[in-house]
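What follows is the residue order along each chain.
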2 protein chains.
Amino acid sequence: MEFNERLREVCRKKNSLLAIGLDGDLEKLPPFLMDFESPITEFNKSIINATADLVCAYKINTAFYEQFGIQGCRSMKKTIELIPDDVLIILDGKRADIGHSSAKYAKAMFHEHKADAVTVNPYLGHDSVEPFLFDETKGVFMLCLTSNPGANDFQFLKTGKGRLFERVAERAAAWNEKGNLGLVVGGTYAGELKQIREIAPGLPILIPGIGTQGGNLEKSLRLGCDDKGESVIITVSRSILYASDDLEFAAKSRDAARQMKDEINRIRKS
Amino acid sequence: MEFNERLREVCRKKNSLLAIGLDGDLEKLPPFLMDFESPITEFNKSIINATADLVCAYKINTAFYEQFGIQGCRSMKKTIELIPDDVLIILDGKRADIGHSSAKYAKAMFHEHKADAVTVNPYLGHDSVEPFLFDETKGVFMLCLTSNPGANDFQFLKTGKGRLFERVAERAAAWNEKGNLGLVVGGTYAGELKQIREIAPGLPILIPGIGTQGGNLEKSLRLGCDDKGESVIITVSRSILYASDDLEFAAKSRDAARQMKDEINRIRKS
């Protein structure tokens, strides 16, 4: 089954458009976890056990694991093994290279790390993204408009036929031959999200930046969802992961995740 | 010492602008290496021993190691340990994320993997690149114009004040406050290299794409070098690594590297 269809099915089955970003930060973990051999893995295990029924996907940002070298590599592998089969794994690596090298990254992400989907960077163009699209059952979310201040440096540049991020959305719609390509659009730009949805009506959109980064949930859903109230994934990290740092942290994270899931469903069904 | 100055010093001391890309491909290694526990590490060891006096840097593309998971992680670590102190290590990961996450990648690259320099992708703008620039002794090469066909998709788009790659070069010149930022420009676009050199006169330029990808060495050097015949690194992988696949492969790679180094010096000094 094509990834984008598979994603829709998972979201329907779980009745959830919420993805949690498993971006564990040593400085923010509950202090008592520091006694474990791998505090991050232990933290992820608790979060996964407490929230797996509430989410359609976990997003794993590779930066948070690579910073610890081989130990981080191991922690990422273990974390992925802990994720139940009915939840998708989005490896957020934002990779891209010339085709020959992108093919190696695709192998790393999909075969070594068993990802269901990845994020990629569009700057190098079609042949840098194509190797990630090879298997129609595996998904690719291409950066379009990011939630950080630096998005202004290049993504908003006017190009004659629309701003750069609009060109990226337009190319993504054209490159989606196998039904497995989507976009990443920060929740901090609700107005532009509407334009992107018009340019690429059929593509799923991964929306980070809600919560800590100040994105607007209601606007993101109203403008980002397709006419069935689907095709958007809201990905939240810090405001769920660090809901508390005491012994009950996992239960508090579950409460925060449930609130977010319910709020998403309330908005999209209203 | 600022990285860009350090790079110039290494190039002068070694009398070389050549970097070898240690991108070992299992399918292309000399077959007898398959008996070793880590054929890639063994291959790299032979190449490093045979060529370290001829190069200013080794470029390590992380894709080629990540494809093997934890084993690849280990192989990359060992390879880096084998590189002598007088040769720079360029980790070619083309990473970039929002600042908070880029800081983790910078930690991975510079502290965990002991890189002297990295490559980054400009799409997310200034705050995604800034964490890599934090330590002035460590270098950053930002993708500007890449050697693959997909470069045409976005990098050549006209933006009102120049094409996208020209804007990237102009921004890089402005962001180079600590003397440690450079650019990546494929050797397949000699004409554009001249423009980039004019936009960013003081920045070192890493030039891949000579050899297998068909870039032009003479034009790349004449148009890319500064007025002292410096500030260009020519990075070559396949045509040196796979000069032969017999027992004498390392000696053949040395011959190919020496020829390339001498040819570079002949052109830049003529």
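Above this text you will find the structure in question.
This structure is a prediction, so every number in the text was calculated from the model and none was measured. Along each chain, residue indices are assigned from 1 in the same order as the chain's sequence is written. Lettering for chains starts from A, numbering for ligands starts from 1, and both go in the order in which the items are written. Reporting of local features is limited, given that this is a predicted model, to residues whose pLDDT is at least 70; pairs of side-chain atoms are given and counted only at 80 or more, and all residues count toward the totals for whole chains, interfaces and linings.

## Some remarks on the relation of the copies chain A and chain B
Phase 1: In this comparison the copies share one frame, found by least squares on the C-alpha atoms of residues holding pLDDT of at least 70 in both. Rotating chain A by 180° and translating it 0.0 Å along the rotation axis places it on chain B, where the RMSD comes to 0.0 Å. Each copy turns onto its partner about a two-fold axis. Taking the C-alpha atom as reference, chain A places Thr159(A) closest to the rotation axis, 2.2 Å from it.
Phase 2: Of all interface residues in chain A, 100% are interface residues in chain B too; the two copies therefore contact each other through one and the same surface. Residues are scored as being in contact if the C-beta atoms we place from backbone atoms lie within 7 Å.

## Re unusual backbone geometry
Phase 1: Phi angles above zero are rare outside glycine, and Lys94(A) is one such case at about 50°.
Phase 2: Starting at the N terminus, helices and strands are each numbered in turn, a helix being any DSSP run of H or I of at least four residues and a strand any DSSP run of E of at least two. Looking at where Lys94(A) falls in the secondary structure, it is placed in strand E3 (residues 88–95).

## Brief notes about the interface of chain A and chain B
Phase 1: Contact residues are listed per partner, giving 46 residues for chain A and 46 residues for chain B.
Phase 2: Among the secondary structure elements, those contributing two or more residues to the side of chain A that touches chain B are helix H3 (63–66), helix H4 (69–82), helix H5 (99–112), helix H6 (126–133), helix H7 (151–154) and helix H8 (164–175) of chain A.
Phase 3: Among the elements that make up the side of chain A that touches chain B, the one with the highest residue count is H5(A) (seven residues).
Phase 4: Polarity classes work like this: nonpolar for Ala, Val, Leu, Ile, Met, Phe, Trp, Tyr, Cys and Pro, charged for Asp, Glu, Lys and Arg, and polar for all others, with Gly in that last group. Tallied by class, residues from the side of chain A that touches chain B come to 17 nonpolar, 16 polar and 13 charged.

## Digging into the sheet that holds strand E5 (residues 139–145) of chain B
Residue and element names in this part refer to chain B.
Phase 1: Spatially, the eight strands close up into a barrel ordered E1-E2-E3-E4-E5-E6-E7-E8, and their pairing is parallel. For this sheet the average axis-to-axis angle between neighbouring strands, irrespective of direction, equals 30°.
Phase 2: Alignment of strand E1 (residues 18–21) against strand E8 (residues 232–236), held across three bridges, turns out to be parallel. When the sheet's bridge partners are listed, Ala-19 is paired in E8 with Thr-235.
Phase 3: With respect to the sheet, helix H1 (residues 3–14) is in contact with strand E3 (88–95), strand E4 (117–120), E5 and strand E6 (181–185), its orientation differing from that of E5 by roughly 90°. A strand pair is defined by DSSP finding two or more bridges across the two strands. Angular values range over 0 to 180 degrees, each being the angle between N-to-C directions of two axes fitted as lines to C-alpha atoms, with helices fitted over their stretch in contact.

## Re the sheet that holds strand E2 (residues 57–61) of chain A
Residue and element names in this part refer to chain A.
Phase 1: One closed barrel accounts for eight strands, arranged E1-E2-E3-E4-E5-E6-E7-E8; its pairing is parallel. Going across the sheet, the axis of each strand differs from the next one's by a mean of 30°, ignoring polarity.
Phase 2: In this sheet, strand E7 (residues 205–207) lies alongside strand E6 (residues 181–185) in parallel orientation, the contact comprising two bridges. Opposite Leu-183, over in E7, you have Ile-205 as the bridge partner.
Phase 3: Against the sheet, H8 touches strand E5 (139–145) and E6, its axis set at about 160° to E5.

## Notes on the nonpolar core
Phase 1: Grouped together as the largest cluster of nonpolar side chains are 170 residues, with contacts concentrated most on Leu18(A), Met142(A), Leu183(A), Leu18(B), Met142(B) and Leu183(B).
Phase 2: The contact partners of Met142(B), leaving out residues within four places of it in the chain, are Val120(B), Pro122(B), Val129(B), Val168(B), Ala172(B), Leu181(B), Leu183(B) and Val184(B). Any set of buried Ala, Val, Leu, Ile, Met, Phe, Trp, Tyr and Cys residues joined through C-beta atoms within 7 Å is what this text calls a nonpolar core. Exposure in this text rests on C-beta crowding, where 20 or more other C-beta atoms within 10 Å of a residue's own make it buried, 12 or fewer make it exposed, and counts in between make it partly exposed. The C-beta atoms are placed from the backbone.

## Comments concerning the environment of Glu2(B)
Phase 1: With respect to the secondary-structure elements, Glu2(B) resides in the segment before H1.
Phase 2: For the pair formed by Glu2(B) and Lys13(B), sequence separation is 11 residues and the distance between their alpha carbons is 17 Å.

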